[in-house]
Amino acid sequence: MRHIILDTDPGVDDALAILLALSSEELQVEALTTVVGNVSQEKANRNARRILEFLGVEDVPVAPGAERPLIEEPRPAEDIHGPEGLGQAKLPEPRLKPDERSAVELIVEKAEELGGELTLIAVGPLTNIALAYMAEPRLPEMVGELIIMGGAYGVTSHGFGNASPVAEFNIWHDPEAASIVFKAGFKLKAVGLDVTTDPRNRMSPSLFREIEALETPRGRLISDLCRDLVQRFNGLSLHDPLAVAAAIDPSLIEFKAFHVDVELRGEYTRGMTVTDRRPGSRAPVNVEVAVDVDSERFLKLFMERVVYGG
Ligand code: BDR
Ligand code: CA
């Protein structure tokens, strides 16, 4: 069993990732930490608590994190995720309260307690992780692994941007934080758009119809979360659940090591994950990049755990 902290900005696919993490016996969810990204930190934190309450989980702390990126103003994606961040889903105001510790405090505390047993999974902008590293520079050596959903690495034909032609949203929202994290020396695995937007790994319209036909609380919640996006984008990319799946069953995803830098200054390329794909390059590798997924097994896992409840 792996101890994890899920750092998240729910967010439709973040909500699915939370459902997956909490429906998987392989993972012990120590905490959720929330970050500004798809929506404000306040909404992200509230949404995370709403999902926990939906699941009847009361003992997982939800710690509030960064309210803005390191240097830029927030650029929420409410046009994608809906004004509240959960599509059309209407979950009640949660009774659970945010944890009294900040995201940074909780990440550092759990790293001290669990050391290499702790896996950090970050499926939002990397602001909280960068701040935690600045607060505790030994963090990369203390924790076992950092798995992120973020970046577009040009390692498959799907590896181009979504927030810009070349930049993926989580990196684009706080490129300075991403740059700090990529240079910090974490054992870093990145699940990027290269694999998450591959049609074989997405929720197809027909899979959505199967979910929509279910008359269960989960079926209704997931349908309301995803309906608008499935219609608008002819299916839904399961970005954040795929990063959680990498922690549940590492054999689902093939990774390849690269040297990656985050572009901070380009007029058109800010937030791009510049990947050294040159054969024989001597640049030191710093990221294991997801290059392929066992799609059939991933979608089976998704349906069993997220939709049917494990
Ligand atoms: C990432 O950006 C967000 O909108 C999603 O939640 C996901 O983490 C995909 O680019
Ligand atoms: Ca996210």
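Reference entry: report on the structure contained in this document. (Residues numbered from 1 in each chain as written. Chains lettered and ligands numbered in written order. Predicted model: local features only at pLDDT ≥ 70, side-chain atom pairs only at ≥ 80, totals over all residues. Heavy atoms only, no water.)

1. Looking at the sheet that holds strand β8 (residues 273-276)
Pairing in this open sheet of nine strands is mixed, and the strands run β3-β2-β1-β4-β5-β6-β9-β7-β8 from one edge to the other. Single-partner strands in this sheet number two, and they are β3 (62-64) and β8. Here the average twist between neighbouring strands, direction ignored, is 30°. Pairing geometry for strand β6 (residues 188-191) and strand β9 (residues 287-293), over two bridges, is parallel. Residue pairing for β9: Lys189 is matched across the bridge by Glu288. Contacts between helix α2 (residues 41-55) and the sheet are confined to β1 (2-8), β2 (27-34) and β3, with β3 contributing the most and set at about 175° to the helix. (Pairing = 2+ DSSP bridges. Helix = DSSP H or I, 4+ residues; strand = E, 2+ residues; numbered from the N terminus. Axes fitted to C-alpha atoms, helices over the stretch in contact; angles between N-to-C directions. Contact = heavy atoms within 4.5 Å.)

2. As for the pattern of salt bridges
Evaluated as defined, the whole model comprises 27 salt bridges. Between Asp249 and Arg297 there is a salt bridge, with its nearest N and O atoms 2.6 Å apart. Of this pair, Asp249 sits in the loop between α12 (239-248) and β7 (253-262) while Arg297 sits in helix α13 (residues 295-307), and the two are 48 residues apart along the sequence. When its relative accessible area of 23% is taken as the criterion, Asp249 is described as partly exposed. A salt bridge links Glu304 to Lys300; its shortest N-O distance comes to 3.2 Å. Note that Glu304 and Lys300 are positioned in helix α13 at a spacing of four residues, about one turn of the helix. When its relative accessible area of 52% is taken as the criterion, Lys300 is described as exposed. (Salt bridge = Lys/Arg side-chain N within 4 Å of Asp/Glu carboxyl O. Buried < 20%, exposed > 50% of the residue type's maximum accessible area, 1.4 Å probe, protein only.)

3. Notes on the nonpolar core
In this structure, Leu16, Met203 and Cys226 are the most contacted members of the largest nonpolar core, which totals 63 residues. Per-element accounting of this core gives the leading share, eight residues, to helix α1 (residues 12-22). If we ignore the near neighbours within four places in the chain, the residues touching Met203 are Phe208, Ile211, Cys226, Val230, Gly235, Leu236, Leu238 and Phe302. Within the second largest apolar cluster, 36 residues are counted, among which are Ile5, Leu139, Val181 and Phe258. (Core = buried A, V, L, I, M, F, W, Y, C linked by side-chain atoms within 4.5 Å.)

4. A closer look at the side chain of Arg202
Along the chain, Arg202 turns up in the loop between α9 (193-196) and α10 (205-212). The buried charged residue Arg202 lacks any salt bridge, with Asp198 as its nearest oppositely charged partner at 8.4 Å. When residues no more than four places from it in sequence are discounted, the contact partners of Arg202 are Thr196, Thr197, Phe233, Asn234, Gly235, Leu236, Ser237, Leu238 and Leu299. (Lys, Arg positive; Asp, Glu negative; His and termini not counted.)

5. Re the coordination of the calcium ion (ligand 2)
Protein coordination of the calcium ion (ligand 2) is provided by Asp9 (OD), Asp14 (OD), Asp14 (OD), Val123 (O) and Asp240 (OD), with donor distances spanning 2.3 to 2.6 Å. The sequence pattern describing where the donors of the calcium ion (ligand 2) fall on their chain is D-x4-D-x108-V-x116-D. Taken together, the positions of Asp14 in helix α1 and Val123 in the loop between β4 (118-122) and α5 (127-135) put the pair 109 residues apart, joining distant regions of the chain. Each member of the pair, Asp14 as well as Val123, is classed as buried. (Donors = N, O, S within 2.8 Å, 3.2 Å for Na, K, Ca; no water.)

6. Brief notes about the site of ligand 1
As a structural note, the neighbourhood of ligand 1 is formed by 13 residues, with Asp13, Asn38, Asn162, Glu168 and Asp240 the closest of them. Coverage of ligand 1 by the protein amounts to 95% of the 280 Å² it exposes when considered alone. Looking at the shell around ligand 1, the elements with two or more residues in it are α1, α7 (169-173) and α12. Of the residues in the shell around ligand 1, the class split is four nonpolar, five polar and four charged. (Near = heavy atom within 4 Å. Areas by Shrake-Rupley, 256 points an atom, 1.4 Å probe, with all protein chains shown as cover. Nonpolar A, V, L, I, M, F, W, Y, C, P; charged D, E, K, R; others polar.)

7. Considering the packing of aromatic side chains
Considering all chains together, one arrives at two aromatic pairs under this definition. For the pair Phe169 and Trp172, a centre-to-centre distance of 5.7 Å together with 40° between the ring planes defines the contact as tilted. Within this pair, Phe169 and its partner Trp172 are both found in helix α7, separated by three residues, close to a single helical turn. Taking the ring centre of Trp172 as reference, the NZ or CZ of Arg75 above it sits at 3.7 Å. (Phe/Tyr/Trp six-rings, centres within 6.5 Å; stacked < 30°, edge-to-face > 60°. Lys NZ or Arg CZ within 6 Å of the ring centre and 35° of its normal.)

8. Digging into α10
Those residues of α10 that sit buried are Leu207, Phe208 and Ile211. Angular distribution of buried residues about the axis of α10 spans 100°; they occupy a single face of the element. Buried residues belonging to α10 abut α11 (217-233) and α13. (Arc of directions from axis to C-beta.)

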